[in-house]
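Here is how the chains run, residue by residue.
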Amino acid sequence: MKPEQQVIFRRRLMEFIEASGACAVGVCNEESLRGGPPSTDLTRELATAKSAIVFAFPQDHELIEAYMGKIDHDKYQAHYIQVNNIVLGVASETAFQLRGAGFDAVPVHAGNTASGGDTRDLGPQNEAQREAAKRYPATDLDKMVGTIPMLSQRFLAAACGVGFFGRSGNILTADEGATVVLGAVVTSAEFEPTPPLPEEDNYCDECNWCEAVCPTKFMSTKENEQVQLGERTHKYSKRMNPLRCGTHMGGVSGLAYNGRFSSWGPTQKKLPENDDELFIKVMELTEDLEKRPEVPGGFVFPAQDSGRMHIMCSACNLVCHPEREVRGRRVKMWTQGGVVVQHEDGHLEAMPRQDAESFVASMPTERRVLYTEVNTS
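So, how was this worked out
- Residues numbered from 1 in each chain as written.
- Predicted model: local features only at pLDDT ≥ 70, side-chain atom pairs only at ≥ 80, totals over all residues.
- Heavy atoms only, no water.
- Pairing = 2+ DSSP bridges.
- Helix = DSSP H or I, 4+ residues; strand = E, 2+ residues; numbered from the N terminus.
- Axes fitted to C-alpha atoms, helices over the stretch in contact; angles between N-to-C directions.
- Contact = heavy atoms within 4.5 Å.
- Salt bridge = Lys/Arg side-chain N within 4 Å of Asp/Glu carboxyl O.
- Buried < 20%, exposed > 50% of the residue type's maximum accessible area, 1.4 Å probe, protein only.
- Core = buried A, V, L, I, M, F, W, Y, C linked by side-chain atoms within 4.5 Å.
- Phe/Tyr/Trp six-rings, centres within 6.5 Å; stacked < 30°, edge-to-face > 60°.
- Lys NZ or Arg CZ within 6 Å of the ring centre and 35° of its normal.

A word on the sheet that holds strand 1 (residues 24-29). Sheet strands associate in pairs through backbone hydrogen bonding, adopting either a parallel or an antiparallel arrangement. Read from one edge to the other, the open sheet built from 4 strands follows the order 1-2-6-3, with strand pairing classed as antiparallel. Each of the sheet's edge strands pairs with one partner strand only, and the pair in question is strand 1 and strand 3 (105-107). Neighbour-to-neighbour, the strand axes of this sheet turn through a mean angle of 20°, independent of strand direction. Sheet analysis places strand 2 (residues 51-58) next to strand 6 (residues 180-187), joined by 8 bridges and oriented antiparallel. Bridging from a neighbouring strand, Ala 52 pairs with Val 186 of strand 6. Strand contacts of helix 3 (residues 74-100): strand 2, strand 3 and strand 6, with the helix running at about 20° to strand 6, the strand carrying the most contacts.

Before going further, it helps to spend a moment on the pattern of salt bridges. Summed over all chains, the structure comprises 21 salt bridges. A salt bridge links Glu 15 to Arg 12; its shortest N-O distance comes to 3.0 Å. With Glu 15 and Arg 12 both in helix 1 (residues 3-19), this residue pair falls 3 residues apart, about one helical turn. Accessibility expressed as a relative area gives 30% for Glu 15, which makes it partly exposed. A salt bridge links Arg 120 to Glu 45; the nearest nitrogen and oxygen atoms lie 3.0 Å apart. A residue pair is termed long-range when its members are at least 10 positions apart, and Arg 120 in the loop between strand 3 and helix 4 (127-135) and Glu 45 in the loop between strand 1 and strand 2 qualify at 75 residues.

Glancing now at the nonpolar core. Counting residues in each nonpolar core, the largest one holds 55 residues, and the members touching the most others are Ile 53, Phe 55, Tyr 67, Met 68, Leu 98, Phe 191 and Trp 334. Per-element accounting of this core gives the leading share, 9 residues, to helix 3. With residues near it in sequence (within four places) discarded, Ile 53 still touches Leu 13, Ile 17, Val 25, Gly 26, Val 27, Thr 94, Leu 98, Gly 183, Ala 184, Val 185 and Phe 191. With 27 residues, the next largest nonpolar core counts Leu 42, Ala 52, Phe 155 and Tyr 236 among its residues.

Under the criterion given, the structure shown has 12 aromatic pairs. Judged by centre distance (6.4 Å) and plane angle (15°), the ring pair of Phe 9 and Phe 103 falls under stacked. One end of the pair, Phe 9, is in helix 1; the other, Phe 103, is in the loop between helix 3 and strand 3, with 94 residues separating them in the sequence. Pair check on accessibility: Phe 9 and Phe 103 agree, each one buried. Three or more aromatic residues link up through ring pairs in this structure, and these residues are Tyr 67, Tyr 76, Tyr 80, Trp 264, Phe 299 and Trp 334. For the cation-ring pair, Arg 154 lies above Phe 155, with the distance from its terminal atom to the ring centre recorded as 5.2 Å. Positioned above the aromatic ring of Trp 209, the side-chain terminus of Arg 324 is 4.7 Å from the ring centre.

This is a description of form; function is not addressed.
What follows is the structure, given as structure tokens:
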């Protein structure tokens, strides 16, 4: 395909993605990702890669607020799964169109981490990636938990102007905030990149409400991470122990560190403040989770003969909105929405803290031990 034809084809592909419902679309290449960690090397996903098309799909704000207010978990979770499937479908169709035009192309799956089910070697693959890994060293804990992606959609999105980093480390889009699902397609087509958004357009005012809704102190209040992507340096808060975030996200944990509210996880057992004690406690809580009733809905993984994965937190993501008034309202909804308990049929319900404690206290001992600390001696 001639260069002038590639320009037209690029534009048409971006129009197709926007017409499919995306709120932002951009293109990045090797140059616009230069200086980043190994997970910004497009060739990790496709050996012939020259560029990537990146996009964001919005989520339903009404369902988000019902979820943040601890009113309805199931409808938002089902919606989130549907939007993820739409994103993957649009990415697959985009890759199909690129292959039809004679280019190599593959969609980037959101779960391209070991914890998401990716079995590829996610370590540095060549000398350039090993040098990048020295600039951005992964911790042993990141490797153990499996949080390192083969290709980071967040970094790609920041590099090409789909959004910018908020303090939470989530991508904030111009119109929808962080309440989006990202998608990407890597291709051998040498598409012209789109620029990152102007720094002055970043409306993250470091209100720190992402930290206020986090039930587990996953984000540092003092330290920042910095990532170089092309000519732009991006900044967001340093992440703490990933187990703290992952346990709340998956419903292994529930009660916030201060005991005043919870994520959608129904356990009232708190995580220890000391990281040295954390792993043992997480193993205990995981055993509890396996014995609890199944929560309705959730992600199904055909390759795994096990339970489903559920969305139980995401508060730092869902609180971020371009309008400060909306952010403030969502903070109150989440932190004043009570503590979640689980009924025998598996469904979840939020109650005022004292009512939730009484609800669990009234359970038979064999059930109560799955949700709260019980002295059985």
